[in-house]
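Remarks on the overall topology
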Amino acid sequence: MSLVRGVSVVDYHHSSWTSSGPPTGGPQVETTTHELDQTTGAGHNEKLEAYRSDPWAYDNKGHLANASTTEIQQAIIAGRINKLEVEIRGFQNQIDLINGAG
């Protein structure tokens, strides 16, 4: 489950959910949707593009440098890109769910 400022979206909105699903409006929903938009829009998309352009610049744990073959390096890079894409889709799914589109 993804977190927004350390609180899960489900926990954050639990009291405002109804039997028909998530809340569809109000300041609490708008705040969380805005926070999720900021997370996916600014943080993760920029991180993804920066990593795609120069994965070696983000090898702070030495995984790429210590990989024994080029194939392993490429697998590490592809795995990291996939992880970021999955996180971005997860945030977008949460936004859609909160807005009633999911």
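Predicted model only: the values in this text are computed from it and were never measured. (Residues numbered from 1 in each chain as written. Predicted model: local features only at pLDDT ≥ 70, side-chain atom pairs only at ≥ 80, totals over all residues. Heavy atoms only, no water.)

1. Overview of the overall build of the protein
Scanning the protein from terminus to terminus reveals 4 helices and 2 strands. Each helix and strand of the protein, placed in order from N terminus to C terminus, yields the pattern β-β-α-α-α-α. For the protein, the exposed surface amounts to about 6600 Å²; the carbon and sulfur share of it is 53%. (Helix = DSSP H or I, 4+ residues; strand = E, 2+ residues; numbered from the N terminus. Areas by Shrake-Rupley, 256 points an atom, 1.4 Å probe, with all protein chains shown as cover.)

2. What about the pattern of salt bridges?
Enumeration according to the criterion identifies 3 salt bridges in this entry. Close ionic contact of glutamate 49 with arginine 52 constitutes a salt bridge, the shortest N to O distance being 3.0 Å. Of this pair, glutamate 49 and arginine 52 both sit in helix H2 (residues 27-53), 3 residues apart, which is roughly one turn of that helix. Look at glutamate 49 and you get partly exposed, because its relative accessible area is 45%. Taken together, the shared-partner salt bridges in this structure form one network comprising Glu49, Arg52 and Glu85. (Salt bridge = Lys/Arg side-chain N within 4 Å of Asp/Glu carboxyl O. Buried < 20%, exposed > 50% of the residue type's maximum accessible area, 1.4 Å probe, protein only.)

3. Some points on the packing of aromatic side chains
Enumeration over the complete set of coordinates arrives at 1 aromatic pair. Plain terms: the ring middles of tyrosine 51 and tyrosine 58 are 6.3 Å apart, the flat faces sit at 50° to each other, and that makes the pair tilted. By relative accessible area, tyrosine 58 is classed as partly exposed at 45%. (Phe/Tyr/Trp six-rings, centres within 6.5 Å; stacked < 30°, edge-to-face > 60°.)

4. Points about the layout of surface pockets
Reported here for the largest pocket is a volume of approximately 210 Å³. Lining of the largest pocket is provided by Tyr51, Pro55, Tyr58, Asp59, Asn60, Lys61, His63, Leu64, Ile76 and Arg80. Those elements giving two or more residues to the lining of the largest pocket turn out to be helix H3 (63-66) and helix H4 (70-98). Classifying every residue of the lining of the largest pocket gives 5 nonpolar, 2 polar and 3 charged. (1 Å grid on protein atoms, 1.4 Å probe; cavity = no way out; pocket = protein on both sides within 12 Å on 5 of 7 lines; lining within 4 Å. Points joined across faces, edges and corners; volume = space filled by probe spheres on them. Nonpolar A, V, L, I, M, F, W, Y, C, P; charged D, E, K, R; others polar.)

5. Things to note about the nonpolar core
Leu48, Tyr51, Leu64, Ile77, Ile81, Leu84 and Ile88 form the largest nonpolar core, which has 7 residues in total. For this core, the elements supplying multiple residues, two or more each, are H2 and H4. For this core, the element with the highest residue contribution is H4, accounting for 4 residues. If near-sequence neighbours (up to four positions away) are discounted, isoleucine 81 is found in contact with Leu48, Tyr51 and Arg52. (Core = buried A, V, L, I, M, F, W, Y, C linked by side-chain atoms within 4.5 Å. Contact = heavy atoms within 4.5 Å.)

6. Thoughts on the side chain of glutamine 73
Along the chain, glutamine 73 turns up in helix H4. Apart from residues no more than four positions distant in its own chain, glutamine 73 is found in contact with Trp56, Leu64 and Ala67.

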